[in-house]
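Single-letter residue listing:
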Amino acid sequence: MELSGARVLVAGATGVLGGAITAELADRGARVALAGRDPSRLAHAARPYPGAPTARFDAYDPESCARAVRDTSAVLEGLDAVVIAFGSVAFGAAQEVGDEVAEHLMAVNCLAPAAFFRAALGILRPGSAIAAVTGVVAERPQPRMADYSASKAALSAWLDAVRREARSAGIGVLDVRPGHLDTGFAQRPVAGTAPPLPGGGDPRQVAGAVADALAADAELLRTRPDGTPVVERRAR
């Protein structure tokens, strides 16, 4: 994908990582669109990008996710990529996490991204891509994070299946699996308290790697134990 001039929707652009990805793509010449839940934060996030379309969505309302894709595509006269950079986390032993919390995590971390992507797959053309941040827990589930890990693993599995479907249409699928990042995400759980965590990685470094991965038509982005991003052309 040629990023200069590419039309890219970033859902979760109001967050630290989503904001970093939006800035990186814009710096490389992409025409960005921003989607978020909170209208005031969305307006603030869009200020550096005059004329960039914005869209509000609610992860509990799949139609609002699909509408965000349709509306921003209409303004930009198409989309070349849709990037998901939002999510929710909870901590606690499996028997302590209530069913409502588990349902919330699955809705926000898997079903809402899938709704964005289902709408996008009907719009995207050959050479385009979808991408989502699943995280290292998608491949290495962690204790006291069972439902969070499961929701991210479910999204990763969905992406893997769709990747095989979309290849014939020339649409790429990128799974972004960074380790712990310094975004404050773990300090905003919907339930429980975060365990002691090591220092997080730099979200700007991961944002740069996401842009590199999109430009290289890569399928997987991991981080090494030292936090260095690794772009892999083919997912394993």
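Reference entry: report on the structure contained in this document. Counting from 1, residues in each chain are numbered in the order their sequence is written. Reporting of local features is limited, given that this is a predicted model, to residues whose pLDDT is at least 70; pairs of side-chain atoms are given and counted only at 80 or more, and all residues count toward the totals for whole chains, interfaces and linings. Side-chain numbers here rest on the full set of heavy atoms in the structure, without hydrogens or water.

Thoughts on the overall build of the protein
Phase 1: Looking only at helices and strands, the protein has 6 helices and 8 strands in total.
Phase 2: Helices and strands in the protein line up, N terminus first, as β-α-β-α-β-α-β-α-β-α-β-α-β-β.
Phase 3: Put simply, the radius of gyration uses C-alpha atoms, and a globule should come to 2.2 Å times the residue count raised to 0.38. Here the C-alpha atoms of the protein give a radius of gyration of 16 Å, agreeing with the 18 Å that 2.2 N^0.38 yields for 236 residues.
Phase 4: Its C-alpha atoms give the protein principal-axis dimensions of roughly 50 × 35 × 30 Å.
Phase 5: Taking all contacts inside the protein whose residues are at least 6 apart in sequence as the whole, residues at least 24 apart take part in 63%.
Phase 6: Of the roughly 10800 Å² that the protein leaves accessible, carbon and sulfur atoms contribute 50%.
Phase 7: A positive count includes Lys and Arg, and a negative count includes Asp and Glu. His and the chain ends are not counted in either. For the purpose of locating charges, the reference atoms are NZ of Lys, CZ of Arg, CG of Asp and CD of Glu. Computed over 25 positive and 26 negative side-chain charges, the inter-centroid distance for the protein is 3 Å. Segments assigned H or I by DSSP are reported as helices when at least four residues long, segments assigned E as strands when at least two residues long, and all are numbered from the N terminus. Contacts are assigned to residue pairs with any non-hydrogen atoms lying within 4.5 Å of each other. For every accessible area listed, the method is Shrake-Rupley and the probe measures 1.4 Å; residues are considered covered only by the protein chains on display.

Topic: the sheet that holds strand E8 (residues 229-232)
Phase 1: Read across the open sheet, the 8 strands follow the order E3-E2-E1-E4-E5-E6-E7-E8; overall the sheet is mixed. Looking at strand neighbours, the two that pair on one side only are strand E3 (54-56) and E8, the edges of this open sheet. Between one strand axis and the next, the sheet turns by 15° as a mean value, whatever way the strands run.
Phase 2: As defined by bridge partners, strand E1 (residues 7-11) adjoins strand E2 (residues 31-36) across 5 bridges and the pair is classed as parallel. Among the inter-strand pairings, valine 8 is bridged to a residue of E2, identified as valine 32. Strands are labelled as partners when DSSP assigns at least two bridges between them. All axes are obtained by fitting lines to C-alpha atoms, using only the stretch in contact for helices, and the reported angles, taken between N-to-C directions, cover 0 to 180 degrees.

So, the nonpolar core
Phase 1: Buried Ala, Val, Leu, Ile, Met, Phe, Trp, Tyr and Cys residues form a nonpolar core when they are joined through side-chain atoms within 4.5 Å. Classification of residues uses two cut-offs on accessible area relative to the type maximum, computed with a 1.4 Å probe and protein chains only: under 20% is buried, over 50% is exposed, and between them is partly exposed. The biggest cluster of nonpolar side chains holds 36 residues, and the ones touching the most others in it are Val8, Ile21, Leu25, Leu34 and Leu214.
Phase 2: The greatest single-element share of this core, amounting to 7 residues, is contributed by helix H6 (residues 203-215).
Phase 3: Ignoring anything within four residues of it in the chain, the contact list for leucine 25 reads Leu3, Val8, Val10, Ala30, Val32, Ala211 and Leu214.
Phase 4: Formed by 33 residues, the second largest nonpolar core is a distinct cluster that contains Ala55, Ile84, Ile130 and Ile171.

Considerations on the packing of helix H4 (residues 99-121) against helix H5 (residues 146-166)
Phase 1: Contact geometry of H4 with H5 gives a least axis separation of 8 Å together with a crossing angle of 20°. By the angle class used here, H4 and H5 are roughly parallel. When you trace H4 past H5, the crossing you get is right-handed. Of the residues in H5, those in contact with Ala102, Leu105, Met106, Asn109, Cys110, Pro113, Ala114, Phe117, Arg118 and Leu121 of H4 are Asp147, Tyr148, Ala150, Ser151, Lys152, Ala154, Leu155, Trp158, Leu159 and Val162.
Phase 2: Polar here means any residue outside two lists: the nonpolar Ala, Val, Leu, Ile, Met, Phe, Trp, Tyr, Cys and Pro, and the charged Asp, Glu, Lys and Arg; Gly therefore counts as polar. When the residues that make up the contact of H4 with H5 are grouped by side-chain class, the tally is 15 nonpolar, 2 polar and 3 charged. The cut-offs work like this: below 35 degrees is roughly parallel, past 145 is roughly antiparallel, 65 to 115 is roughly perpendicular, and the gaps in between are oblique. The crossing is said to be left-handed when, going from far helix to near helix, the turn is anticlockwise and less than a right angle, and right-handed when the turn is clockwise.

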